[in-house]
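Summary of the model geometry
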Amino acid sequence: MTNALLSDWSTPFGLPPFDAIKDADFAPAFDAAMDQARAEIAAIADNPAAPTFTNTIEALELAGERLDRMLGVFYALAGTDSNEAREALQRAFAPKLSAYSSEITLNAGLFERIEALWQGRDALGLTPEQARVLMLTRRGFVRAGAQVQGAGRDRLTAVKSRLAVLGTQFSQNLLGDERDWFMELSDADLAGLPDFVVTAARAAGQDKGLAGPVITLSRSIIVPFLQFSTRRDLRERARRAWVARGANGGQTDNRAIAAEILTLRHERAQLLGYADFASYKLETEMAGTPGRVRDLLMQVWAPAKAAAQADAAVLEQMMHADGVNARLEPWDWRFYSEKRRRAEHDLDEAAIKPYLQLDRMIEAAFDVAHRLFGLDFAPLDVPLYHPDARAWEVTRGGRHMAVFIGDYFARGSKRSGAWCSASRSQRKLGGEVRPIVHNVCNFAKPAAGQPALLSYDDARTLFHEFGHALHQMLSDVTYPSISGTSVARDFVELPSQLYEHWLEVPQVLAQFATHAETGAPMPRDMLERLLAAATYDMGFQTVEYVASAMVDLAFHEGAPPADPMVAQAQVLEQMGMPHAIGMRHATPHFAHVFSGDGYSAGYYSYMWSEVMDADAFAAFEEAGGPFDAATAKRLERFILSAGGSAEAEVLYTEFRGRMPGVQALLKGRGLAGAA
Ligand SMILES: [Zn+2]
């Protein structure tokens, strides 16, 4: 038997032959690909020839390609369709990968070559992109400890590999808690729930082999349940279970893991010569320092809190008028907020939903990309890893640009949330390679034969992830390490959040929001109300987000907290967190911060990006409209195709002519007048 992961793929566009790959192939393929990668690295480090940009930096860019290819497939499967075998593999791979990456960055011979190139860089005649790749490569080595000597170096390796294991455990515990909890509903328990919630709950029940409907902790089920259920007791039970993810005691409890992660991150930063983890982490970001992050968050916090407090008073009054003479609690907010939305904006999510068909929203995202960037999308009939996943070929003027894979429905084996990944990224080095890009969401799957319907939030998520996908699909750089979304973390959400603005362009919804049964376009007044309500409850949303971002920042500034749960409570207390609003992600399930390093001391970056997306969309409006061709061209040239080929400030300033302030964001969130 040949191992499909190790053979050459003569598939269309070099897509992974998903139908030929078996779980048992991964472990041997991983070992073989790892051996090959090690040999490639050794050949670079031990090269007797003097270091050149080609024999060192370019060779490094291409080393480990087979391993990358194999891992691209593995992570696509482990994130979207996990099982015990894949979870065990993930646990086994994590420490080996961490050790491998340490071997590279701590390879003295290799670093010597890079350092020699760096010191002599002015004489190398490099292009700006090459100079940037050299700078980033060296900085990556230094930040990984290439200049740390002796016992500190061994300790650094141990800390990094332990952190990798803890991060994986954190995610798996979370997935375990999300999978295990569910609440069965009797007919009486369905009170207040619109059909789409009942249908989703029945499908979730069937998924678990039960006859009746169940509420699960999937965001697409629990959020509408909290919005619509008139049963305050059940809302309380469901919300308590939702916020208890990762804090249920026993083997899946994440609290001790979070504490250990924070302690080790601090130690790691100090070993590298930084005051604390936040200083280390922010060095490579557009924000630069913890102080600039706090400034931004606090400028937004005051008006957001004022708006939320005013809203809380209104909601509590509504609850009292309902005959519930209690304090407004976190399980009441979404319910009364939805009621108020219907009263004040006459906006009924259940009535809107039939107009937001998944397939039409996908078409809308494609159509906007066609109008802005000339992209065309054609369905591809190729074997994929799950029957719910779909593929399209992306072309421009007949030229192949990318393969786009959309995997939209929630299932028990899929990690929660929504994300974009590339199982192959774009590059020109060694011949042009075009990307394979995945968008993964967790929308409720419809009953057989029914069209999939989205909430407006779901549709935004779809556009958001598609914005990330464009950043990959339009990428046009030479070097893989700066391709697509390989940019500063607080810059990476700009393309995605910016793309959400096109969902709010009235002509887009007028064309693509058509009724699932009648095919009629969304009535004009419904559309206008929907768009007018876009800033509704922004106080709540901003507060729950900023609270999480401030806790994340506090965790990583200065000495690590002995007990993160106590530290979290202190931060919220100091900020004056409104009682009826919880953090968007509390510590035991704050996967952004603890499942890996990605958003640690970096959760603020969504808002940092929002400052820019509000300002960037205004550039279209100022230029004459949302489809202004010249602005779209600049957006592609300086941002969507540029990857990490220059500093984020430089790219943004080239696109816009200046840097943005916080005012555009406050205006966009409807908070400009508050506080
Ligand atoms: Zn995003």
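A brief structural summary. (Residues numbered from 1 in each chain as written. Predicted model: local features only at pLDDT ≥ 70, side-chain atom pairs only at ≥ 80, totals over all residues. Heavy atoms only, no water.)

Thoughts on the pattern of salt bridges
How we decide: Here, a salt bridge means any Lys or Arg side-chain nitrogen found within 4 Å of an Asp or Glu carboxyl oxygen. The way it works is that DSSP assigns letters per residue, a run of H or I at least four long becomes a helix, a run of E at least two long becomes a strand, and they are numbered from the N terminus. Here the term buried applies to any residue with accessible area under 20% of the maximum for its type, exposed to any over 50%, and partly exposed to those in between, with areas from a 1.4 Å probe on protein chains only.
This model, assessed by the stated rule, comprises 48 salt bridges. Here glutamate 87 and arginine 179 are joined by a salt bridge, their closest N and O atoms 3.4 Å apart. A residue pair is termed long-range when its members are at least 10 positions apart, and glutamate 87 in helix α4 (residues 84–105) and arginine 179 in helix α7 (residues 151–180) qualify at 92 residues. You can call glutamate 87 buried: its relative accessible area is 12%. Linking arginine 132 and glutamate 647 is a salt bridge whose minimum nitrogen-to-oxygen distance equals 2.9 Å. Here arginine 132, found in helix α6 (residues 128–144), pairs with glutamate 647, found in the loop between α25 (629–640) and α26 (648–656); they are 515 residues apart in sequence, far enough to count as distant. Classification of arginine 132 by relative accessible area gives buried; the value is 13%. On the basis of relative accessibility, which here comes to 35%, the residue glutamate 647 falls in the partly exposed class. Taken together, the salt bridges that share partners define one network made up of Asp388, Asp407, Arg411, Lys414 and Lys445.

So, the pairing of strand β5 (residues 399–409)
Successive side chains on a regular strand alternate, one facing one side of the sheet and the next facing the other. Definition in use: Two strands qualify as a pair provided DSSP detects at least 2 bridges between them.
Among the 11 residues that make up β5, 9 are buried, leaving the element largely enclosed by the rest of the structure. Relative to β5, strand β4 (residues 389–396) runs antiparallel, the two sharing 8 bridges. The residue of β5 that forms the bridge with alanine 391 is isoleucine 405. Connecting the antiparallel pair β4 and β5 is a turn made up of 2 residues, with glycine 397 showing a positive phi of about 55 degrees.

Here we look at helix α18 (residues 493–503)
Note the cut-off: Should any heavy atoms of two residues lie within 4.5 Å, those residues are considered in contact.
Burial analysis of α18 places 11 of its 11 residues in the buried class, the great majority of the element. Those residues of α18 lying buried are Glu493, Leu494, Pro495, Ser496, Gln497, Leu498, Tyr499, Glu500, His501, Trp502 and Leu503. On its buried face, α18 sits against α16 (358–373), α17 (456–473), α19 (506–512), α24 (605–622), α25 and α26.

Side note on the nonpolar core
To keep things clear, this is the line we draw: To form a nonpolar core, buried Ala, Val, Leu, Ile, Met, Phe, Trp, Tyr and Cys residues must be joined to one another through side-chain atoms within 4.5 Å.
With 144 residues, the main nonpolar core has Phe466, Phe491 and Trp502 as its most contacted residues. Looking at this core, the element that brings in the most residues is helix α13 (residues 290–321), giving 11 residues. Not counting chain neighbours up to four residues away, the residues in contact with phenylalanine 491 comprise Met286, Ser609, Met612, Ile639, Ala648, Leu651 and Tyr652. Core analysis: the next-biggest nonpolar cluster, separate from the first, contains 53 residues, Ala63, Leu89, Ile114 and Met135 among them.

Here's the deal with the pairing of strand β7 (residues 436–443)
The buried count for β7 comes to 8 of 8 residues, which makes it a mostly enclosed element. Burial along β7 is two-sided: the residues Ile436, His438, Val440 and Asn442 and Val437, Asn439, Cys441 and Phe443 are all buried. Of the strand pairs in this sheet, β5 and β7 are connected by 6 bridges, and their pairing is parallel. In the strand pairing of β7, glycine 406 is matched with asparagine 439. Relative to β7, strand β6 (residues 419–424) runs antiparallel, the two being bridged by 5 bridges. Residue alanine 422 lies in a different strand from β7, and its bridge partner there is valine 437.

Some points on unusual backbone geometry
Despite not being glycine, phenylalanine 13 shows a phi value in the positive range, around 60 degrees. Counting through the fold element by element, phenylalanine 13 comes out in the segment before α1 (23–45). Residues other than glycine seldom take positive phi values, yet alanine 601 does so here, at roughly 50 degrees. As for its position among the elements, alanine 601 is in the loop between α23 (591–594) and α24.

A closer look at the packing of aromatic side chains
Let me state the cut-off plainly: Ring geometry is summarised as follows: Phe, Tyr and Trp rings, the Trp one being its six-membered ring, pair when their centres sit within 6.5 Å, and such pairs are stacked at plane angles under 30 degrees, edge-to-face over 60 and tilted between the two.
On inspection of all chains with the given rule, the structure shows 35 aromatic pairs. For the pair phenylalanine 26 and phenylalanine 74, a centre-to-centre distance of 5.1 Å together with 70 degrees between the ring planes defines the contact as edge-to-face. Taken as a pair, phenylalanine 26 in helix α1 and phenylalanine 74 in helix α3 (residues 65–80) lie far apart in primary sequence, 48 residues in all. Considered together, phenylalanine 26 and phenylalanine 74 belong to a single accessibility category, that of buried residues. Ring geometry for tyrosine 604 against tryptophan 608: centres 6.1 Å apart, planes inclined by 85 degrees, an arrangement best described as edge-to-face.

Looking at helix α14 (residues 330–344)
Rules: How far a helix is expected to stretch is found by multiplying one less than its residue total by 1.5 Å.
For α14, with 15 residues, the first-to-last C-alpha span of 21 Å sits near the 21 Å given by 1.5 Å per residue. Of all the residues in α14, the buried ones are Pro330, Trp331, Asp332, Trp333, Arg334, Phe335, Tyr336, Ser337, Glu338, Arg340 and Arg341. Two residues or fewer past α14, aspartate 346 is found with a positive phi of approximately 50 degrees.

What about the sheet that holds β6?
Stated formally: Inter-axis angles, ranging from 0 to 180 degrees, are taken between N-to-C directions of lines fitted to C-alpha atoms, where helices are fitted over the stretch in contact.
Judged by pairing direction, the sheet is mixed, and its 5 strands sit side by side in the order β3-β4-β5-β7-β6 without closing on themselves. The open sheet has two edge strands, β3 (375–380) and β6, and neither has a second partner. Each neighbouring strand pair of the sheet contributes to a mean axis angle of 30 degrees, computed without reference to strand direction. Across 6 bridges, the pairing between β3 and β4 is antiparallel. Looking at the pairing, aspartate 376 lines up with threonine 395 of β4.

Concerning the state of the cysteines
Defined as follows: To count as a disulfide, a pair of cysteine sulfur atoms needs to be within 2.5 Å.
In the structure shown here, the tally under the stated rule is 0 disulfides. As a non-bridged cysteine, cysteine 420 has cysteine 441 as the owner of its nearest cysteine sulfur, 9.8 Å distant. By relative accessible area, cysteine 420 is classed as buried at 19%.

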